[in-house]
Amino acid sequence: MNHKLRIRCAMLSFLCCLCFLSTFSQSSFTIQGYVRDGSNGEFLINASVADLKSKKGVITNNYGFFSLRLPADSVYLTIAYAGFQVQQYRFLLNQDTTIKINLSPYSLDEVEILAEEVEREVDNTQMSAINVPIQQVKLMPALLGEVDVIKAIQMLPGVQSGSEGSSGLYVRGGGPDQNLVLLDGVPLYYVSHLGGFFSVFNADALSSVKLYKGGFPARFGGRLSSILDVRMKEGNLNQFETEGSIGIISSKISVQGPINKGKTAFIISGRRSYLDLLSRPIAIIASQASTNGTERVDVGYNFYDLNGKINHVFSDKDRLYLSMYAGNDRLLANGRFRYDQDEEEKFSLGLGWGNRMGALRWNHVYGNNLFSNVSATFSQYQLRTKTDGSASFPEGDSIYTESFELEYISRVRDWGLKVDFDYYPSPAHDIKFGLHSTLHRFEPGTVGIQSQAGTAKVDTNIIAKLDRPLESSIYLEDNIKIGQRFSANVGVHGTHYLINDQSTFSVQPRVSARFLLSKDVAVKASYVQMNQFLHLLTNSGAGLPIDLWVPATEKVPSQFAWQVAGGVSASILDDQLDLSVEGYYKEMTGLVTFKEGNNFFFGGLDGGSWEETVETDGTGTTYGAEFLLQKKRGKTTGWLGYTLAWNWRQFDNINGGLRYPYKYDRRHDISLVVSHKISDRVSVAGTWVFGTGNAISLPSGGYANITDPLNPDIYFFGGRGTPNEDLYLPFRQLHVDLQSYGEGSQFFNEGRNSFRMQSYHRMDLGINFTKEKKWGERTWTFGIYNVYSRRNPFAYYLDQDRERNGNVFNGYTERKPVLKKIALFPIIPSFSYQFKFKHK
Amino acid sequence: MKHPIYKLAQRSLFIAMLFGLLISACTTNLEVPLPEHPARFTLNTFLTEGQPIDLYVSRSFGLLESVENNVKDILIPDAEVKLYKNGQFLDEMVFVDSSSLDTIYLSSVFGFPDSFEVVTRDLVSSKFVPSKELPLPVAGDIYRFEVSHPDYEPASAETRIPFPATLLSVQRVIDSVEDRDFDDGYLNRFDAIKIRLEDPSGPNGYNVWGELMYTNPEYGPDTMMQAEWSNTEVVRELDGLVYGNALPIPDTEFDGGIGELITFYRYQGCCGYPEDIQQGRKNIFHQYKLKVFVLTEAYATYQTKFIQQRQSRLDGIESVFVPSEPVVIPSNVEGGFGIVGAYNHSTIILDL
């Protein structure tokens, strides 16, 4: 049976089940509605709605909606959400019922007493998924005081950060391209600022962040290793709120409130760095002062994020959302050098990269138990650099002028249409199905060149290969509960991928199951298959904007992975602690990497296709165990995570075809995060991380070579060499110059990534002082990054130390090779001032 | 050769990224110790028909070993080198010391504006040669070297002198490609050369080289230079503005049969420059000499990887921020490093 037939059969079977389920006994009725935060009208995701009498319940979806079908009887409905007071309703269910639920948040001093509603891992069918506690993240110490959700995620077991300071994510041995980062359901391609030191997510604008490392539900697809589902706040429907912060390198502000109270709300949130406001005038003044005004140099860097969202409630059944995000990094440098009246040089460099995202979403409830979400989305990532320069100088009686202009653009654009349904036929089934279609447009590098030298002109555009693949997917999943102990999420995700009239169809089954051994202990297991139809060409892994996104093509096929995981979750010490232990094994195929010697500059820009620069059909094997102990309640909260992992890659033409450790193969990874509330006004937080050093390729040594008679790149006798044995033979010689571009000798190493960098560890501490003011609330946050100033390795490179030998021509003749380590951040103190205005 | 535009792009982007990182970080260089490296034999030679046999024997060295200042330190003159031909012992080779120290050039030192560096280089041509007069190699001969020394693991390597390709025909397409220099906007013109040949059996690689016989009338008929052979750039691929790098062409598609090589050559000197054309200055081309080299597979692979490594290698801190995937240069020396390769060639002269 071929793939198409199989998927058709599966779909047909599932539709039959749906029909059966929807003809459930008419003695049952449906309770449906939305669960909101009563203080601001925000919908609450994953709130628990349960009938204590029948012991049946559901959780709210990503839009706060629920539908629960129960027998006609008296109902004792309990609605709970972490951090909110439980609400209970008693009524006789004798008809379909719609209710609006507004939960009230606990006041601060109640948290310790009433914390029954803390999410317990044992209760979740889903495994390998973690809700990131944004409020706790805000209290954690951060590099230069910039609160960063991604940095907090990096401290979870199974997630690695890559290099020091990087906001790249490496989940269960996957690459940085294998994470589907969704902002309000729209994929973002590049989530870093400042070369990866900060992420694009402004914590003030976010309502929830959930990371899936495995056991992916069928509604997600398109990446192999993780799903990061980030949801923006929707805007306060009841009153205006303003909050923000002023930090060392950036400030941010968020404003939200009702446009039409109870009906329409907005939120707009902005963040901007201000390094350039300082660096530009300083550079100008310094350059002019040191050169008597003949030189003027101006350098600066900034980034910004702008999040906005409007939502409108048409009725209990219809809502409309408009979300947008724009973020950009910009680096600029300008210089002018005036040597005399007629002789001048100028240059200008601009480098900008960033995302744009927009989504228009319509929620509609059909009847009592079918919820729909229709979205039209747009996403763009663009890197653009423009360099120009000119020089003029006297030549005879005239002024000779040379100029050039170089522009490089790399861009990915997505236009998407999504239709998702949530169907609640009975408390035992929560069915989701839908259709997604995305038109990608990849422009992996267009170069524009203009130059003029005297009367000669060049004006050229080199347009890289443009691809417009269409990726469509269909999915069906059911969250099944059988009895009180067993639950499972079973689904299938099918993807159709069309590029250059070549189409590919893949069917990816997903299963995740939980069995409760007791009230507090559950065993879980999952099996998933994932397909990914795009690749990231990267050398550094440091999250540099020059990494290129490219589509899967006929020559460079898609990536595929299967992952199996199993584990135990336990709630211990009367729900004080949540323990989770998981083991996983993942195999990946269709991986790509640059061919030996290729990179961003030495590859696709050479005028050839990027497809010629990569090795394809690589495989990856990764396995390990993760341990997570969380404390979610009480004055002291936090977690301890430990990962033991192995991570391998194998390509036919790399490392002699032998498997080798991935750069981020990290055997041990430990993270400890602790927050303690000393009083309502003072809290402290600390983190400590440890990781095995990255695996890198470092030469072990060198050996001599001799002049190659047929090497065209060897110059001798003032010109490009021709193999003329008569001339060549007497001069054949041994070369041992490791640093030279000439006929230098060669490095060798013991294999790809065979050298281990030093291990990484770091401690950060922070303290927060919060005070109520007449106008609202303010918080001073003081932090210390890298408390004991560990010189963690960022990179190694080979250099030469010159030793003075001053006898001859005041020269330096002795060169001693040294291996150097770059350590980026020593101890760095920081502070920020946060404020929150009350509006009446 | 990489076009200047790419160097420019590389430099400006690199500066941009480096700047971005530096302004946000305190960078500290710390020296890192490395484990000791056990030295191994390095054997190097390229043999060809009709040329004497030799072998360069040296040792490998640790990454931090400062051997550049005294190259002779890595020679192993007291190694025992046995030479075999077609499986038969032929000779025990002897070491000949013929090195000299030469001053090559003076170079400024980055970061030390008042200083310059005297770059000296040992012309180390000391090598092992046969202890007696031996017949010169001919195509088809298989030579094997076995090297031993009490301080090193033994090493060995062998190579076969390839047969030259039989050149069947050569077709020239005049001015088949044009492009302009980025620097000055001048026109370059290329002729395409299509060579049909009969490939000797066994996996080989091909290199094609050319020389032009031309005269230059730039200074008028009275001062016309005598016609002479001059090297010309032969490139394998022309794609947009980028010249290829004349990597060896593998014979995988026509191994042992009739094959075609397509290369290009560039006219020498001024022929395409607008000023020259306006003033009637044009080189006069008489003949084109093509040399088609056949390389052993190991040699061709070595050369390909060597060129790739050189092109992609960035020095010092640049390599941190714009790293390339490391190029591993394979060796056909068992128990050691280096290359023992062989080649042969055929020549054809075209009248232009």
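None of these values were measured; they are calculated from a predicted model.

(A) The arrangement of the overall build of chain A in detail. A tally of regular secondary structure across chain A gives 5 helices and 52 strands. Burial status across chain A gives 48% buried among its 840 residues. Pairs at least 24 residues apart make up 66% of the contacts formed inside chain A by residues separated by at least 6 positions.

(B) Region of interest: the overall build of chain B. When helices and strands are counted, chain B shows 4 helices and 22 strands. Sequence-distant contacts, at least 24 apart, represent 69% of the contacts inside chain B between residues at least 6 apart.

(C) Up close: the environment of Ala 39 of chain B. Residues and elements named next belong to chain B. Summarising the element assignment, Ala 39 is placed in the loop between strand S1 (28-31) and strand S2 (41-48). Each C-alpha atom of the pair Ala 39 and Gly 62 lies 7.5 Å from the other, and the pair is 23 residues apart in sequence. Those residues in contact with Ala 39, other than ones at most four positions away along the chain, are Arg 59, Ser 60, Phe 61 and Tyr 152.

(D) Representation of the confidence of the model for chain A within the structure. On average, residues of chain A score 81 in pLDDT, and 83% of them are at 70 or above. Counted against residues more than four places away or in other chains, residues 602-607 of chain A, with its pLDDT under 50, gives 25 contacts.

(E) Main features of the sheet that holds strand S6 (residues 87-92) of chain A. All names here are of chain A. Across the sheet, which stays open at both edges, the 4 strands sit in the order S3-S2-S5-S6 with antiparallel pairing between neighbours. Looking at the sheet topology across the chains shown, the edges are occupied by strand S3 (56-59) and S6. Here the average twist between neighbouring strands, direction ignored, is 15°. The pairing of strand S2 (residues 48-51) with S3 spans 4 bridges and is classified as antiparallel. The residue of S3 that forms the bridge with Asp 51 is Lys 56.

(F) Structural detail: the nonpolar core. Judged by nonpolar contacts, the single largest core of 105 residues is most densely connected at Val 149, Ile 153, Leu 182, Leu 183 and Trp 549 of chain A. Among residues more than four places away in sequence, those in contact with Leu 183 of chain A are Leu 188, Val 230, Met 232, Tyr 325 and Met 357 of chain A. By size, the runner-up hydrophobic cluster in this structure holds 59 residues, among which are Ala 704 of chain A together with Trp 209, Ala 300 and Ala 342 of chain B.

(G) View of the pairing of strand S16 (residues 226-232) of chain A. Residues and elements named next belong to chain A. Counting buried residues in S16 gives 7 out of 7 residues, a clear majority hidden from the surface. Both faces of S16 are covered, namely the face carrying Ser 226, Leu 228, Val 230 and Met 232 and the face carrying Ile 227, Asp 229 and Arg 231. Alignment of strand S11 (residues 179-183) against S16, held across 5 bridges, turns out to be parallel. Following the sheet pairing, Leu 182 is matched in S16 by Asp 229.

(H) Spatial organisation of helix H4 (residues 275-290) of chain A. Helix length check: H4 of chain A (16 residues) gives 22 Å between terminal C-alpha atoms against 22 Å at 1.5 Å per residue, within 8%. Immediately beyond the C-terminal end of H4 of chain A, within one or two residues, lies Asn 292 of chain A, with a positive phi of roughly 55°.

Cut-offs and rules
- Residues numbered from 1 in each chain as written.
- Chains lettered and ligands numbered in written order.
- Predicted model: local features only at pLDDT ≥ 70, side-chain atom pairs only at ≥ 80, totals over all residues.
- Helix = DSSP H or I, 4+ residues; strand = E, 2+ residues; numbered from the N terminus.
- Buried ≥ 20, exposed ≤ 12 C-beta atoms within 10 Å, placed from the backbone.
- Contact = placed C-beta atoms within 7 Å.
- pLDDT = per-residue confidence, 0-100.
- Pairing = 2+ DSSP bridges.
- Axes fitted to C-alpha atoms, helices over the stretch in contact; angles between N-to-C directions.
- Core = buried A, V, L, I, M, F, W, Y, C linked by C-beta atoms within 7 Å.
- Expected span 1.5 Å × (residues − 1).

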